[in-house]
Amino acid sequence: MNHTLAIIKPDATAGGAAGKIIAHLESAGFRVRALRMLTMTTAQARSFYYVHRERPFFASLVAFMTSGPCIPMALEAPDAVAKLRREIGATDPAAAAEGTVRRLYAESKERNAIHGSDSDDNARREIGFFFAGEELLR
Ligand code: IDP
Ligand code: MG
């Protein structure tokens, strides 16, 4: 699939890194196909991260993701899901490769600057979570 979902997380928008992250992703070869800014409600964040509901960090993750504005984006590139995961780096910025978004901009394993879908199925679900079909350019 040629589309994936990225979310610039509240740590990065608060820290003034959103523009740099978008520029980084465009330079890496992604086209931004849809974009918005919102502060997620608790219900939205719990629903988005539902697969992690049993994890010990779930409540903290939901509190973080609702703490300020985030910027979901539908991105287009060949092999978009795998390409975005490479560009964002490991979950923990201390373990993320040099030059990745998380290595450059993340604060911690939780406050890690950016989300990227982890499969084509999740990319479809996650793009649909934030964008109506007619918002996506064809
Ligand atoms: P990913 O974002 O690299 O795919 P996931 O395991 O799907 O990582 O976790 C979702 C999000 O939950 C992470 O991006 C991070 O914000 C948070 N998270 C993951 N593991 C931990 C942890 O061990 N402590 C605190 N927060 C975590
Ligand atoms: Mg994940």
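Residues numbered from 1 in each chain as written. Chains lettered and ligands numbered in written order. Predicted model: local features only at pLDDT ≥ 70, side-chain atom pairs only at ≥ 80, totals over all residues. Heavy atoms only, no water.

Description of the site of ligand 1
Lining the immediate surroundings of ligand 1 are K9, Y49, H52, F57, L61, R85, T91, R102, K109, E110 and N112. The contact in question runs from an oxygen atom of ligand 1 to an N or O atom on the side chain of T91, over 2.5 Å. One nitrogen or oxygen atom from the main chain of E110 is found 2.8 Å from an oxygen atom belonging to ligand 1. Starting from 530 Å² of accessible surface for ligand 1 in isolation, the protein chains cover 81%. One can see that ligand 1 is located within the largest pocket. Its residues assigned to classes, the shell around ligand 1 comprises three nonpolar, three polar and five charged. (Near = heavy atom within 4 Å. Polar contact = N/O pair within 3.5 Å; in protein donor to acceptor, adjacent residues only side chain to side chain. Areas by Shrake-Rupley, 256 points an atom, 1.4 Å probe, with all protein chains shown as cover. 1 Å grid on protein atoms, 1.4 Å probe; cavity = no way out; pocket = protein on both sides within 12 Å on 5 of 7 lines; lining within 4 Å. Sits in = over half its atoms within 2 Å of the grid points. Nonpolar A, V, L, I, M, F, W, Y, C, P; charged D, E, K, R; others polar.)

Describing the sheet that holds strand β4 (residues 114-116)
With antiparallel pairing, the four strands of this open sheet are ordered in space as β2-β3-β1-β4. The open sheet terminates on both sides in strands that have one partner only, identified here as β2 (31-35) and β4. Strand-to-strand twist of the sheet, defined as the mean angle between neighbouring strand axes without regard to direction, takes the value 30 degrees. Relative to strand β3 (residues 71-76), strand β1 (residues 3-8) is paired through six bridges, and the arrangement is antiparallel. Residue pairing for β3: I8 is matched across the bridge by I71. Contacts from helix α5 (residues 80-88) reach β1, β3 and β4 within the one sheet, and its direction differs from that of β1 by about 30 degrees. (Pairing = 2+ DSSP bridges. Helix = DSSP H or I, 4+ residues; strand = E, 2+ residues; numbered from the N terminus. Axes fitted to C-alpha atoms, helices over the stretch in contact; angles between N-to-C directions. Contact = heavy atoms within 4.5 Å.)

Points about the pairing of β1
With five of six residues buried, β1 is to be regarded as a mostly interior element. Two strands pair when backbone bridges link them, and β1 and β4 are joined in this way by three bridges, in the antiparallel orientation. Bridging across to β4, A6 finds its partner in G116. (Buried < 20%, exposed > 50% of the residue type's maximum accessible area, 1.4 Å probe, protein only.)

Notes on the environment of S27
As for its placement among the helices and strands, S27 is situated in helix α2 (residues 18-27). Residues S27 and G16, 11 residues apart in the sequence, show an inter-C-alpha distance of 19 Å.

As for the layout of surface pockets
Roughly 560 Å³ of internal volume is contained in the largest pocket. Surrounding the largest pocket, 21 residues form its lining, Y49, H52, F57, L61 and H115 being those nearest its centre. Counting only elements with at least two residues in the lining of the largest pocket, the list comes to β4 and α7 (120-130). Top element by residues in the lining of the largest pocket is α7. It accounts for three residues. A per-class count over the lining of the largest pocket returns six nonpolar, six polar and nine charged. (Points joined across faces, edges and corners; volume = space filled by probe spheres on them.)

Examining the side chain of T13
Among the structural elements, T13 can be located in helix α1 (residues 10-14). A distance of 3.2 Å separates a polar atom in the side chain of T13 from the backbone oxygen of P10. T13 has contacts with I8, A18, M37, P69, C70 and I71, leaving out every residue within four places of it along the chain.

Structural notes on the packing of aromatic side chains
Applying the stated rule across the entire model yields four aromatic pairs. Ring centres 5.1 Å apart and planes at 90 degrees place the aromatic pair F48 and Y49 in the edge-to-face group. Judged by centre distance (5.3 Å) and plane angle (75 degrees), the rings of F48 and F129 are edge-to-face. One end of the pair, F48, is in helix α3 (residues 42-48); the other, F129, is in helix α7, with 81 residues separating them in the sequence. Take F129: its relative accessible area is 25%, and that puts it in the partly exposed class. Members of the aromatic cluster, connected to one another through ring pairs, are F48, Y49, F129 and F130. The ring centre of Y50 lies 4.0 Å from the NZ or CZ of R53, which sits over that ring. The side chain of K83 reaches across the aromatic face of F30, ending 5.3 Å from its centre. (Phe/Tyr/Trp six-rings, centres within 6.5 Å; stacked < 30°, edge-to-face > 60°. Lys NZ or Arg CZ within 6 Å of the ring centre and 35° of its normal.)

These results come straight from atomic positions and should not be treated as a statement about function.
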